[in-house]
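Structural overview
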Amino acid sequence: MALLDILVYPDPRLRNKALPVEVFDETVGKLVEDMAETMYAAPGIGLAATQVNVAKRIVVIDTSEHQDRLQVFINPVLTGMGELVETEEGCLSVPGVIVPVKRHSEVHISALDKNGEPFELHASGLLAICIQHEVDHLDGKVFVDYLSQLKRDRVRKQLLREGRSSGKSFDKRKEPVTAS
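Here the structure is a predicted model, which means the values were calculated and not measured.

In space, the five strands of this open sheet follow the order β1-β2-β3-β4-β5, with antiparallel pairing throughout. Both edges of this open sheet fall to β1 (46-48) and β5 (118-124), since each of them pairs with a single strand only. Across the sheet, the axes of successive neighbouring strands diverge by a mean angle of 40°, strand direction being ignored. As judged from the four bridges shared by strand β2 (residues 58-61) and strand β3 (residues 71-91), these two strands associate in the antiparallel manner. Each bridged residue has a counterpart across the sheet, and for Val 59 the counterpart in β3 is Phe 73. Running at roughly 40° to β2, helix α1 (residues 26-41) makes contact with β1, β2 and β3 of the sheet.

Here it is as structure tokens:
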């Protein structure tokens, strides 16, 4: 297993839309393992393949208290249900930023597991919020997109400033790039 690099907003690759997984082979299994290891090490509760610069519709999530219930969603299709609720969200691709976002309180999801077997799930609470957040990533959307333009610009400037102070530069063609 290997830790993968997580793209940081405003990296334009976070806007890439993921393609469906069509072949279930050892590369899918390895990617799922690497994504899980990366998510746990970050530490986080969800990670989409697009966040590690892989344009595949794969999500790993573990909202359990002891990080011992990994869930894998490949080619997820979801339907929002229930009322819209406002929750505080953070994101591994937007480090240090927590903002209120409105999401459905429940979702119904159809997906494939890591072996390509179909399943359906009804989720509520934190799991429902996390699923919506990660599926947004697969569609090229970042949670700051729910903010006003002014707030988005503030977040972007903050992360660019922090990137420069940590030795990273943000080149619009290949963000982020380590400064030499």
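Residues in a regular strand project their side chains so that they alternate between the two faces of the sheet. Side chains Ile 58 and Val 60 of β2 all project onto a buried face; the interleaved residues Val 59 and Ile 61 project onto the opposite face, where all are buried too. Sheet topology note: the β1/β2 ladder contains three bridges and is antiparallel. What sits directly across from Ala 48, in β2, is Val 59.

Cut-off values and rules
- Residues numbered from 1 in each chain as written.
- Predicted model: local features only at pLDDT ≥ 70, side-chain atom pairs only at ≥ 80, totals over all residues.
- Heavy atoms only, no water.
- Pairing = 2+ DSSP bridges.
- Helix = DSSP H or I, 4+ residues; strand = E, 2+ residues; numbered from the N terminus.
- Axes fitted to C-alpha atoms, helices over the stretch in contact; angles between N-to-C directions.
- Contact = heavy atoms within 4.5 Å.
- Buried < 20%, exposed > 50% of the residue type's maximum accessible area, 1.4 Å probe, protein only.

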